[in-house]
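# Summary of the model geometry
Listed here are the chains, written in short residue letters.
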Amino acid sequence: MTDREQYTPGPASGAQIRKDGERWTLILVRELRHSPEKVWRALTEPAHLREWAPFEADSSLGTVGTTVKLTTVGAPTPHVSETRVTRADAPDVLEYNWGDQDIRWELEAFGGGTRLTLWHNIDRRFISMGAAGWHICFDVLDRLLSGTPIGRIVGGEAMKCGWRRLNAEYAKQFGIATPNWPPQAAQES
Amino acid sequence: MKIKVMSVYVDNHEKALRFYTEVLGFAKKTDFSQGPYRWLTVASPEDPDGTELQLALNENPAAKAYQQAIFQQGQPAAMFFTDDLQADYERIKARGAEFTMPPTDVTASKIAMLNDTCGNLIQVTQLMRW
């Protein structure tokens, strides 16, 4: 079996929700055994993003003030968003929008590696879905940085790889109902 | 192979969901999001596992131009069928919808046309039986 076939995500962990009325922000923290500089490249360079992120970028996200087109991977119809990089303090803080959502990355040197924190203001109805998706993306990122890439796992691929369990686990942690997706009848037992 | 989903473009997901559920009386069927992308469909409570209508956010300039043109020409973006057009007309009108055409006899059917407030005309059709 390949590493990808053997991959199963661990339990939901490292996530918090910050609530500002109806506006919720997902905060996900992961500790990676790689330097902030290396993680920064993976967060900003299209060739690296292609290996783990849920979108394609048509140019680097590493320069403040630039406009980058992000294409959502795995959406049922092509979905391209114009993104504005609003902060790019390498290798510490990166901020940009993804459609009408804001994304902020913070990288802190930590025990020889990086403590990576993501803030993403996903609509609260979909926030457990987003947490589950990022969880898997971070696992794939960790393997990529370790030199043992297993290939991007997003969209339908993620659903085959434990996404539904993670979605349910994060929904429970956040105290929200599990969104009905995919419809019950279409699920494996 | 079946016809399972058709789409209408809408200018705002929340407004469209309110109109298609609270005014027209459909029920939300599937609501899924991936990043900024959202897949939202409604279905008829009379046929909950039947054909779904996707409320697709119109962010595409070409699609916007097409949508405006057919709206101005008075062409419907979608067509629903009913067994009692007059009753549905009264019900939907009472909930505040604007009809651009009241129930009207045409060949082999009676039709009415309403504005979905999201950029579309919707035709409601009752086939004549004889």
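Structure: above.
Report on the accompanying structure. Keep in mind that this is a model prediction, so the values were computed, not measured. (Residues numbered from 1 in each chain as written. Chains lettered and ligands numbered in written order. Predicted model: local features only at pLDDT ≥ 70, side-chain atom pairs only at ≥ 80, totals over all residues.)

## As for the overall build of chain A
Under the convention used in this document: Strands are runs of DSSP state E lasting at least two residues, helices are runs of H or I lasting at least four, and both sets are numbered from the N terminus onward. With C-alpha atoms as the basis for the radius of gyration, the globule rule is written as 2.2 Å multiplied by the number of residues raised to the power 0.38. The exposure label follows from counting other C-beta atoms within 10 Å of a residue's C-beta, where the C-beta atoms are placed from the backbone and the thresholds are 20 or more for buried and 12 or fewer for exposed, leaving partly exposed in between. Once C-beta atoms are placed from the backbone, any two residues with those atoms within 7 Å are in contact.
Along chain A, the regular secondary structure elements total six helices and eight strands. Moving toward the C terminus, one meets the helices and strands of chain A in the order α-β-β-α-α-β-β-β-β-β-β-α-α-α. In terms of overall size, chain A behaves like a compact globule, its C-alpha atoms giving a radius of gyration of 16 Å where 189 residues would be expected to give roughly 16 Å. Projected onto its principal axes, the C-alpha positions of chain A cover 45 × 45 × 35 Å. In chain A, which comprises 189 residues, the share counted as buried stands at 37%. Considering only contacts within chain A whose residues lie at least 6 apart along the sequence, 52% involve residues at least 24 apart.

## Examining the nonpolar core
As a reminder, the rule being used: Only buried Ala, Val, Leu, Ile, Met, Phe, Trp, Tyr and Cys residues enter a nonpolar core, and they are joined through C-beta atoms within 7 Å.
Core analysis: the largest hydrophobic core is formed by 46 residues, its most contacted members being A:Val39, A:Ala131, A:Ile136 and A:Cys137. Residues within four places of A:Cys137 in sequence aside, it is in contact with A:Trp52, A:Ala53, A:Pro54 and A:Val154. B:Val10, B:Phe26, B:Val42 and B:Ala56 belong to the second-largest nonpolar core, a separate cluster that totals 23 residues.

## Some details on the sheet that holds strand β7 (residues 101–110) of chain A
Residues and elements named next belong to chain A. Spelled out, the test is: DSSP bridges decide pairing: two strands pair if at least two such bridges lie between them. Axis geometry follows a simple rule: fit a line to the C-alpha atoms, using only the stretch in contact for helices, then measure angles between N-to-C directions, giving values from 0 to 180 degrees.
In space, the eight strands of this open sheet follow the order β1-β2-β8-β7-β6-β5-β4-β3, with antiparallel pairing throughout. In this open sheet, the two strands that pair with only one neighbour each are β1 (15–20) and β3 (55–57). For this sheet, the mean inter-axis angle between neighbouring strands, taken without regard to orientation, is 25°. Pairing between strand β2 (residues 23–32) and strand β8 (residues 113–120): seven bridges, direction antiparallel. Its bridge partner being in β8, leucine 32 is matched across the sheet by threonine 114.

## Topic: helix α6 (residues 163–174) of chain A
Residues and elements named next belong to chain A. Note the following rule: A helix is expected to span 1.5 Å for every residue after the first.
Between the first and last C-alpha of α6 there are 16 Å, a value that for 12 residues agrees with the 16 Å anticipated at 1.5 Å per step. Looking only at α6, the buried set comprises Trp163, Leu166, Asn167, Glu169 and Tyr170. Turning to α6, the residues buried within the fold contact β1, α4 (127–145) and α5 (156–159). Phi for glycine 175, located one or two positions after α6, is positive at around 70°.

## Points about the packing of α4(A) against α6(A)
Residue and element names in this part refer to chain A. As a reminder, the rule being used: Any angle from 65 to 115 degrees is called roughly perpendicular, while one under 35 is roughly parallel, one over 145 is roughly antiparallel, and all others are oblique. Note on convention: the crossing is left-handed when the near helix lies turned anticlockwise from the far helix by less than a right angle, right-handed when the turn is clockwise. Gly counts as polar in this scheme, as do all residues outside two lists: the nonpolar Ala, Val, Leu, Ile, Met, Phe, Trp, Tyr, Cys and Pro, and the charged Asp, Glu, Lys and Arg.
The contact between α4 and α6 brings their axes to 8 Å, and the two run at 125°. With respect to α6, the axis of α4 lies oblique. Read as a crossing pair, α4 and α6 show a hand that is right-handed. Across the interface between the two elements, Ile127, Ser128, Met129, Ala131, Ala132, Gly133, His135 and Ile136 of α4 pack against Trp163, Leu166, Asn167, Tyr170, Ala171 and Phe174 of α6. Residues belonging to the contact of α4 with α6 are distributed by class as follows: 10 nonpolar, four polar and no charged.

## Concerning the environment of A:Arg152
Residue and element names in this part refer to chain A. Along the chain, arginine 152 falls in the loop between α4 and α5. On the neighbour-count criterion, arginine 152 (22 C-beta atoms within 10 Å) is buried. Placed 11 residues apart in sequence, arginine 152 and leucine 141 show a C-alpha to C-alpha distance of 8.5 Å. For arginine 152, the contacting residues outside a window of four places in its chain are Arg50, Glu51, Trp52 and Val140.

## Remarks on the interface of chain B and chain A
At the interface, eight residues of chain B touch 18 residues of chain A. Contributions of two or more residues to the side of chain B that touches chain A are made by β2 (27–34) and β3 (37–43) of chain B. Here the side of chain B that touches chain A takes four residues from β2(B), the largest share from any one element. Of the residues in the side of chain B that touches chain A, the class split is four nonpolar, four polar and no charged.

## Structural notes on the sheet that holds strand β7 (residues 109–115) of chain B
Residue and element names in this part refer to chain B. The strand order across the open sheet built from four strands is β5-β8-β7-β6, with neighbouring strands paired in mixed fashion. Two strands bound the open sheet, and with one partner strand each, they are β5 (78–81) and β6 (98–106). Each strand axis lies, on average, 20° off the axis of its neighbour in the sheet, ignoring direction. By the bridge criterion, six bridges tie β6 to β7 in an arrangement that is antiparallel. Counted as the bridge partner of aspartate 105 is lysine 110 from β7. Against the sheet, helix α3 (residues 85–94) engages β6, β7 and β8 (121–127), with an angle of about 170° to β6.

## Focus on helix α2 (residues 61–72) of chain B
Residue and element names in this part refer to chain B. Here α2 is 12 residues long and its end C-alpha atoms lie 17 Å apart, about the 16 Å a rise of 1.5 Å per residue gives. Little of α2 is tucked away, with one of its 12 residues classed as buried. With its phi angle positive at about 80°, glycine 74 sits one or two positions after the end of α2.

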